Amino acid sequence: MIEVKGTDKPDERRDFPMGHIGVFNLPGLRFGVATFGPGWRWPESVKPIAGTDSCEAHHNGYVVRGRTHPLTPWGERRGARRSRA
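This one's a predicted model, so the numbers in the text were calculated from it and none came from an experiment.

Undergrad: Help me understand the overall build of the protein chain in this model?
TA: Secondary structure assignment for the protein chain yields two helices and five strands. The order of α-helices and β-strands along the protein chain, N terminus first, is β-β-β-α-α-β-β. Here the C-alpha coordinates of the protein chain stretch approximately 40 × 35 × 25 Å along the principal axes. Expressed as a percentage of its 85 residues, the buried residues of the protein chain come to 13%. The long-range fraction of contacts in the protein chain, counting pairs at least 24 apart against all pairs at least 6 apart in sequence, stands at 11%.

Okay, here's the thing in structure tokens:
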């Protein structure tokens, strides 16, 4: 079986201050497409909603536009930016 789904119509949309995430469900796979505004930070935007100091979900990321500098719970900072082809 092949299932194809575009990222323009998420199965669920979760809004939070300075951003949102679209959630997509496929057989055996659930993933999100996140949009973060400039200056977005977990402590201000999502911590009050989630009630956790950091996101507790497993992450695989792909940066389409801009850059990101996530901080792990153990203090390690990872940077990523869009590749220039």
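Undergrad: What exactly am I supposed to notice about the confidence of the model for the protein chain here?
TA: Close reading of the predicted structure is inappropriate where its pLDDT is low. Looking at the protein chain, the pLDDT average stands at 86 and 93% of residues meet or exceed 70. Mean pLDDT across the elements of the protein chain ranges from a minimum in strand 5 (residues 80–81), with 68, to a maximum in strand 1 (residues 12–16), with 95.

Undergrad: Teacher, can you tell me more about the environment of His59 here?
TA: Mapped onto the fold, His59 is located in the loop between helix 2 (47–50) and strand 4 (67–68). Residue His59 is classed as exposed on the basis of its relative accessible area of 53%. In sequence terms His59 and Leu29 are 30 residues apart; their C-alpha atoms lie 13 Å from each other.

Undergrad: What am I meant to see in the environment of Arg78 here?
TA: Structurally, Arg78 is set in the loop between strand 4 and strand 5. Remark: the alpha-carbon pair of Arg78 and Thr68, spanning ten residues in sequence, is separated by 8.1 Å. Setting aside chain neighbours within four positions, we find Arg78 in contact with Thr68, His69 and Pro70.

Undergrad: Could you clarify how one ought to interpret the packing of aromatic side chains in this entry?
TA: Think of a pair of aromatic rings as described by two things: how far the centres are apart, and how the planes are tilted against each other in angle. Evaluation of the coordinates by the stated rule reveals four aromatic pairs. Summarising the aromatic geometry, the rings of Phe16 and Trp40 are spaced 6.2 Å apart at their centres and angled 55° between planes, so their arrangement reads as tilted. Residue Phe16 is located in strand 1, and its partner Trp40 is located in the loop between strand 3 (29–36) and helix 1 (42–45); the two are separated by 24 residues in the primary sequence. Judged by centre distance (5.2 Å) and plane angle (15°), the ring pair of Phe24 and Phe31 falls under stacked.

Undergrad: How do you make sense of the sheet that holds strand 1 when you look at a structure like this?
TA: To summarise the sheet geometry, strands pair through backbone hydrogen bonds and adopt either a parallel or an antiparallel arrangement. Strand order in the open sheet made by the three strands is 1-2-3, with antiparallel pairing throughout. Edge positions in the sheet fall to strand 1 and strand 3, since each has one partner strand and no second. Ignoring strand direction, the axes of neighbouring strands in this sheet form an average angle of 20°. Two elements, strand 1 and strand 2 (residues 19–26), share five bridges in a ladder whose sense is antiparallel. For Arg13, the partnering residue across the bridge sits in strand 2 and is Gly22.

About the cut-offs
Residues numbered from 1 in each chain as written. Predicted model: local features only at pLDDT ≥ 70, side-chain atom pairs only at ≥ 80, totals over all residues. Heavy atoms only, no water. Helix = DSSP H or I, 4+ residues; strand = E, 2+ residues; numbered from the N terminus. Buried < 20%, exposed > 50% of the residue type's maximum accessible area, 1.4 Å probe, protein only. Contact = heavy atoms within 4.5 Å. pLDDT = per-residue confidence, 0-100. Phe/Tyr/Trp six-rings, centres within 6.5 Å; stacked < 30°, edge-to-face > 60°. Pairing = 2+ DSSP bridges. Axes fitted to C-alpha atoms, helices over the stretch in contact; angles between N-to-C directions.

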